[in-house]
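# Working through the structure, step by step
Residue strings, one per chain:
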Amino acid sequence: MMTRTLTIDIIIRAIDGIKRPDLDRWIENQWVRPDAAPTGYVFTEIDLARVRLIHELVHEFQVNEDTMPIVLGLLDQIYDLRRRLHQLGDAIGQTASPDIRAEMIARLTGGEAA
Amino acid sequence: MPNPYETLGVARDASADDIRRAYRKLAKIHHPDLNPGNAAAEAKFKDIAAAHALLSDPEQRGRFDRGEIDAEGHEAAPRRPGYREYAETATGQRYSAGSAGGETGGWDPEDLESIFGSMFTEANRPRNQGPARGADARYSLTTSFLDAVNGATTRLTLPDGSTLDVKIPPATDDGHILRLRGKGNPGRNGGPAGDALIAITVAPHQYFTRDGQDIRLDLPITLQEAVLGGPIEVPTPGGAVRMRVPPHSDNGTILRLRGRGVPGRGTTPAGDLYATLRVTIGTPDEALETFLRSWKPATAANPRQAMETNP
């Protein structure tokens, strides 16, 4: 994914209906963690996507701000797990013989070994 | 795309609020960022979002209701890359759980083991990598009281039919575990064999009991031996020993044979044997009866006196 430098103004413009004080508070709560630069916050693409998600959670799904840390905490754990599973899959892909990979796939999907 | 009213589960005349509520309720469940890896949820969410986009716009809704457009006629704008697309890649490490104020990353070996258990505990063993010591083998062996006190060599038959000569050292306690080096399971790739660990159970003896290094024994004696004293033979674990019963010994008198208990070992000295005299009358003959009938003790003794004052 392309990397570009995103300022807080770009974030505000990119998301419909988001208000600056809300975003400031989310940063203060460390729900969003942009890098700090002398010129102000610098956001990455994942920060933007996360701000958009939090905005959706608040406005579409009415997750209130007391509950937000729980939601984000669980979400972060799920993505940690999924990244690790990807790593595990890569490690297996790089080390296991084709026979073993085929047998693992068959076992995990409940099918017959090839 | 299916009928947007059915997708959202609302009536044809549902209000804008009803539609919004229905959308929120379904979107909460099927949002792709909240359901990573669940393709069904993602497809469902697309339908829900498209249905909502169509029905939440009064003009579009009106055209759909009048049949001017079908459900396909209105495609929701293609979804921007969601949070999921970033979070699943290495980029997502930025928001790794607990990493606020400093990125943590990678695999914690403990976590690896807790998630993938058997796979990595097995893999971490030095299997096939070099010599490995064999596992210890555990056995139990019951030995006689005298063999445990005096020491003995016993042949243990193993489950596989082979035998193992076990040297029980003198003064072995009940519950002691003997370690026979190199008599356990064979090592791998030239590694040393494990040890055999043998738990010793000492069977009780008919007469002797063990009390640490000392041995206790109830020793029957005759009335004559008790009253008059005299030489008797006392059995000990090391063989019979002659000793004198002092005259006027009573039932319950304890005699000590120094050094005749459990043999000494290392810095532990040999114990003693304590013989408690048990006066045994046996079957009285006529002479004894005759004597006792005419016997008038010089001092009348009442052995139950203490019981009377203290019932």
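See the structure shown above.
Residues numbered from 1 in each chain as written. Chains lettered and ligands numbered in written order. Predicted model: local features only at pLDDT ≥ 70, side-chain atom pairs only at ≥ 80, totals over all residues. Heavy atoms only, no water.

The subject of this paragraph is the nonpolar core. Core analysis: the largest hydrophobic core is formed by 46 residues, its most contacted members being A:Trp26 and B:Leu8. Put simply, the parts of the chain that give this core at least two residues each are helix H1 (8–14), helix H2 (20–28), helix H3 (45–59) and helix H4 (68–95) of chain A together with helix H1 (4–8), helix H2 (16–30), helix H3 (39–55) and helix H5 (83–87) of chain B. Among the elements that make up this core, the one with the highest residue count is H3(A) (eight residues). Contact partners of B:Leu8, with chain neighbours within four places excluded, come to B:Ile19, B:Ala22, B:Tyr23, B:Leu26, B:Ile48, B:Ala51, B:His52 and B:Leu55. (Core = buried A, V, L, I, M, F, W, Y, C linked by side-chain atoms within 4.5 Å. Buried < 20%, exposed > 50% of the residue type's maximum accessible area, 1.4 Å probe, protein only. Helix = DSSP H or I, 4+ residues; strand = E, 2+ residues; numbered from the N terminus. Contact = heavy atoms within 4.5 Å.)

The subject of this paragraph is the packing of H3(A) against H4(A). Residue and element names in this part refer to chain A. Between H3 and H4, whose axes approach to 12 Å, the crossing angle comes to 135°. Regarding the angle of H3 to H4, the classification is oblique. Helix-helix and strand crossings are classified by hand; for H3 and H4 the assignment is right-handed. Of the residues in H4, those touching H3 at Arg 50, Leu 53, Ile 54, Leu 57 and Val 58 are Met 68, Val 71, Leu 72, Leu 75 and Asp 76. Among the residues making up the contact of H3 with H4, the classes are represented as eight nonpolar, no polar and two charged. (Axes fitted to C-alpha atoms, helices over the stretch in contact; angles between N-to-C directions. Parallel < 35°, antiparallel > 145°, perpendicular 65-115°, else oblique. Left-handed = near helix turned anticlockwise from the far one by under 90°. Nonpolar A, V, L, I, M, F, W, Y, C, P; charged D, E, K, R; others polar.)

Structurally, the position occupied by B:Glu88 is in the loop between H5 and helix H6 (109–124). Looking at B:Glu88, the relative accessible area reads 18%, which means it is buried. Residues contacting B:Glu88, with those up to four places away along its chain left out, are A:Tyr79, A:Arg82, A:Arg83, A:His86 and B:Pro36.

Bringing the side chain of B:Ser249 into the picture now. All names here are of chain B. Among the secondary structure elements, Ser 249 is positioned in the loop between strand S9 (241–245) and strand S10 (254–257). The exposure class assigned to Ser 249 is buried, which follows from its relative accessible area of 11%. Engagement of the side chain of Ser 249 in a polar contact is seen with the backbone oxygen of Pro 246, the distance being 2.7 Å. (Polar contact = N/O pair within 3.5 Å; in protein donor to acceptor, adjacent residues only side chain to side chain.)

Residues and elements named next belong to chain A. Taken together, the buried positions of H2 are Asp 22, Leu 23, Trp 26 and Ile 27. Looking straight down H2, one finds that the buried residues subtend no more than 135° of arc, so they occupy a single side. Residues of H2 that are exposed and angled more than 90 degrees away from the buried face: Pro 21 and Glu 28. Turning to H2, the residues buried within the fold contact H1, strand S2 (40–42) and H3. Following H2 by one or two positions, Gln 30 has its phi on the positive side, about 65°. (Arc of directions from axis to C-beta.)

Take a nonpolar patch on the surface next. Residues and elements named next belong to chain B. Where nonpolar side chains cluster on the molecular surface, the patch consists of Leu 223, Val 227 and Leu 228 and spans about 270 Å² of accessible area. With respect to the secondary-structure elements, Leu 228 resides in helix H8 (residues 223–228). Residue Leu 228 is classed as exposed on the basis of its relative accessible area of 59%. (Patch = residues over 30% accessible without salt bridge, like charges linked within 9 Å, V, L, I, M, F, W, Y side chains within 5 Å. Areas by Shrake-Rupley, 256 points an atom, 1.4 Å probe, with all protein chains shown as cover. Salt bridge = Lys/Arg side-chain N within 4 Å of Asp/Glu carboxyl O.)

Moving on, we get to the interface of chain B and chain A. Facing the 39 residues of chain B at the interface are 36 residues of chain A. Here chain B packs against chain A, burying approximately 3,400 Å² in sum over the two surfaces, 57% of which is carbon and sulfur. Considering only the surface of chain B that becomes buried against chain A, B:Tyr83, B:Arg94 and B:Tyr95 emerge as the three largest contributors, covering 23% of it. The interface formed by chain B and chain A includes four salt bridges. Among the ionic pairs, A:Glu60 bridges to B:Arg20, the shortest N-O distance being 3.7 Å. Within the residue set of the side of chain B that touches chain A, elements represented by two or more residues are H2, H5 and H6 of chain B. Of the residues contributing to the side of chain B that touches chain A, the split by class is 16 nonpolar, eleven polar and twelve charged. (Buried area = accessible area lost by both parts, 1.4 Å probe.)

Residues and elements named next belong to chain B. Following the criterion strictly, the structure yields 26 salt bridges over all chains and no others. Put simply, Glu 42 and Arg 84 hold a salt bridge, and the shortest N to O gap is 3.0 Å. Pair noted here: Glu 42 is in helix H3 and Arg 84 is in helix H5, with a separation of 42 residues, a long-range link. By relative accessible area, Glu 42 is classed as partly exposed at 25%. A relative accessible area of 10% places Arg 84 in the buried class. Several salt bridges converge on common partners, so that one network encompasses Arg 133, Asp 136, Arg 179, Arg 181 and Asp 195.

It is worth spelling out H3(B) at this point. All names here are of chain B. Taking 1.5 Å of rise per residue, the 17 residues of H3 would be expected to cover 24 Å, and the 24 Å separating its terminal C-alpha atoms lies within 8% of that figure. Of all the residues in H3, the buried ones are Ala 41, Phe 45, Ile 48, Ala 50, Ala 51, His 52, Leu 54 and Leu 55. Structurally, H3 contributes buried residues whose contacts are with H1, H2 and helix H4 (58–65). Where H3 begins, the side chain of Asn 38 points an oxygen toward the backbone nitrogen of Ala 40, at a separation of 3.2 Å. (Expected span 1.5 Å × (residues − 1).)

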